[in-house]
Amino acid sequence: MKKLLLLLTICVIVNITTAQNPLVTHIYTADPTARVFDGKLYVYPSHDIVPPEGTKAPRFCMPDYHLFSLEGGNTWKDYGVVLDQNEVPWGEKNSYGMWAPDCIKRGDTYYYYYPAKPLDGSSFRRIGVGTSKSPTGPFKWEKSYIKGVSGIDPGLLLDDNGKAYLYFGGGKELFVAPLKDNMKEIAAEPIKVEGLPAGYKEGSFCFKKDGKYYFTFAHVFADEGYSIGYATSDNPLGPFQYQGKIMDNINNGTNHHSVVNYNGRWILFYHFWQISGYNKLRSMCADYMEFKKDGTIKKVKPTMRGINSPTFGEEIQVDRHNGIKGANTSFVSGDEPLGWMVCDTKMMSTVQFNSVDFADGSATKMQARVACGQRIGHFEVRIGNSKGKLIAKFPIKSTGGWSSWETIETPLLEKVTGKQNIVVVFHSDWGSTKAVNLNWLKIVK
Ligand code: FUB
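Residues numbered from 1 in each chain as written. Predicted model: local features only at pLDDT ≥ 70, side-chain atom pairs only at ≥ 80, totals over all residues. Heavy atoms only, no water.

Heads up, the rule is: UniProt positions are given in the numbering used here, feature names are shortened, and annotations may be inferred rather than shown by experiment.
An unreviewed UniProt entry lists the chain under the name Family 43 glycosylhydrolase, from Seonamhaeicola maritimus. Turning to the chain, the UniProt record has this under Sequence similarities (unreviewed entry): "Belongs to the glycosyl hydrolase 43 family."

### Here's the deal with the site of the ligand
What counts here: Note on terminology: near, applied to a residue and a molecule or strand, indicates that one of the residue's heavy atoms is within 4 Å of it. Polar contacts, as counted here, are pairs of nitrogen or oxygen atoms within 3.5 Å of one another; within protein the pair requires one atom able to donate a hydrogen and one able to accept it, and residues that are adjacent in sequence qualify only if both atoms are side-chain atoms. For accessible areas, the Shrake-Rupley method is used with a probe of radius 1.4 Å. Any residue's cover is judged against the shown protein chains and nothing else. Classes in brief: Ala, Val, Leu, Ile, Met, Phe, Trp, Tyr, Cys and Pro nonpolar; Asp, Glu, Lys and Arg charged; the others, Gly included, polar.
Inspection of the region around the ligand gives Asp31, Phe60, Met62, Trp99, Ala100, Asp153, Glu202, Thr254, His256, His271 and Arg282 as its neighbouring residues. One of the side-chain nitrogen or oxygen atoms of Thr254 is found 3.5 Å away from an oxygen atom of the ligand. For the ligand, the protein covers 99% of the area, taking 280 Å² as the surface of the free molecule. The residue inventory of the shell around the ligand, partitioned by class, reads four nonpolar, three polar and four charged.

### Here we look at the sheet that holds strand β10 (residues 155-158)
Selection rule: In this analysis, strands are considered paired if DSSP registers two or more bridges between them. Where helices and strands are cited, they refer to DSSP runs of H or I of at least four residues and of E of at least two residues respectively, numbered from the N terminus.
Taken in spatial order, the four strands of this open sheet run β10-β11-β12-β13, and their pairing is antiparallel. Two strands lie at the open edges of the sheet, namely β10 and β13 (191-192), each paired on one side alone.

### Looking at the nonpolar core
We count it as follows: Among buried residues, those of type Ala, Val, Leu, Ile, Met, Phe, Trp, Tyr and Cys that are joined through side-chain atoms within 4.5 Å constitute a nonpolar core. Residue exposure (1.4 Å probe, protein chains only): buried if accessible area is under 20% of the type maximum, exposed if over 50%, otherwise partly exposed. Contact between two residues is taken to exist if any of their heavy atoms lie within 4.5 Å; hydrogens are not considered.
In terms of nonpolar packing, the biggest core is built from 30 residues, with Phe379, Ile422, Leu438 and Leu441 touching the most fellow members. Contributions of two or more residues to this core are made by β24 (350-357), β25 (365-372), β26 (378-383), β27 (390-395), β29 (419-427) and β30 (437-444). Leave out the neighbours within four places in its chain, and Ile422 touches Ile316, Val351, Gln352, Phe353, Val356, Phe358, Val381, Arg382, Ile383 and Leu441. Ranked by size, the runner-up nonpolar core spans 18 residues in total, among them Tyr42, Tyr110, Ala116 and Phe139.

### Topic: the domain arrangement of the chain
The cut-off we apply is this: For each domain, the first and last residues come from an automatic or database assignment. Values labelled buried area give the accessible surface lost by two parts on being combined, using a 1.4 Å probe and summing over both.
One can read the domain layout of the chain as domain 1 (17-289) and domain 2 (323-444). The partner domain 2 presents four residues to the five residues of domain 1 that form the contact. Summing both partners gives a buried area of about 410 Å² for domain 1 against domain 2, and 75% of it is carried by carbon and sulfur. The largest per-residue losses of area from domain 1 upon contact with domain 2 belong to Gln20, Thr25 and Ile275, which jointly make up 78% of the total buried on that side. Our enumeration of links across domain 1 and domain 2 arrives at zero residue pairs in polar contact (both at pLDDT 80 or more). Grouping the constituent residues of the side of domain 1 that touches domain 2 by class yields two nonpolar, three polar and no charged.

Following this line, the structure appears as structure tokens:
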């Protein structure tokens, strides 16, 4: 754990990152609100940190917000800090309480909503807003919080008729209030979101599909940890009808989420704590979500593979696989950036990774990031399955040890176009338990 935390501290200076699930590994990110603005996918998460030495840390230690956009098919760009806790005009300094935010576009203005601990002590959290002409800021922060709103987890809905709604709260009840056109004041007193089941609730996120409002929320049933539930209505103010779960409890802890339609597919963003092993140091993830014909939502099972579709020059993190046989995955050893690798590879071990984007077929080479302490064997990359078309063959050579990493390169043996599932097949001596450690693959022009 200590080593991981150290690596994260070192890696925080890197502002471009590639990963499947979790989406980024250079900092901890939680409560991801995903939005598509002008066809581009952005994520507005909160930011967990290891409490600085000497800090009387709150339960969650959250000092600021970063924001991200998806560049290419697999690269998440980190724009750095958009708001620091000590820049909140009405906030208590060093409260480390910058919980789940949201951002929405109305007209040509972006509105960023965030909760913070108010200096006036009037509430556990108030909700503030900032405006910008760009989805990535800089935002101009309003001097005061939104009057009449007290609580956490702002979730915004902009309806087709231009009316906006602010959902918020955490506790037995959740609330909604219509916003004025200025988006900085409520147009009416908040009301309870009616029709939700009993139990602790938070993380409101409402979206509209086929004329129906889907109100989603993190929910704690008495006999179970956090799940993600949803309820539907014909009216953004409710009452709603509870429909069931979108995601089961995935290991006791919060499950703040959002839903977005990107490139024609629905995606559920959520968080988990697979890097730190600790549920106050979370990492944002995403998986595809599907609707049944009757408009209900199929439960989403969290995957390692996630949603990305790496293309030229982007890392194909094969350890975030769609299927593995005869091999394992573990944290990368040595001086590599934080992440996982495929290890314990043996004769005929395979690992499958779906949806690599070969685009127009202009890739000519494939690279592999490997560490190896022996000299026997090779590994192949095939299309579709372990007997599919062979597109690359990498000889196995010692790199000086199982934690000494090198990038090796081989020509692509076939022209491949479009999105393809690839399978890596390892060859070594029968009986040998380690052929090569594989961190990532890359297709290059
Ligand atoms: O991240 C801090 C809080 O935990 C969020 O505001 C809640 O939704 C939960 O995820």
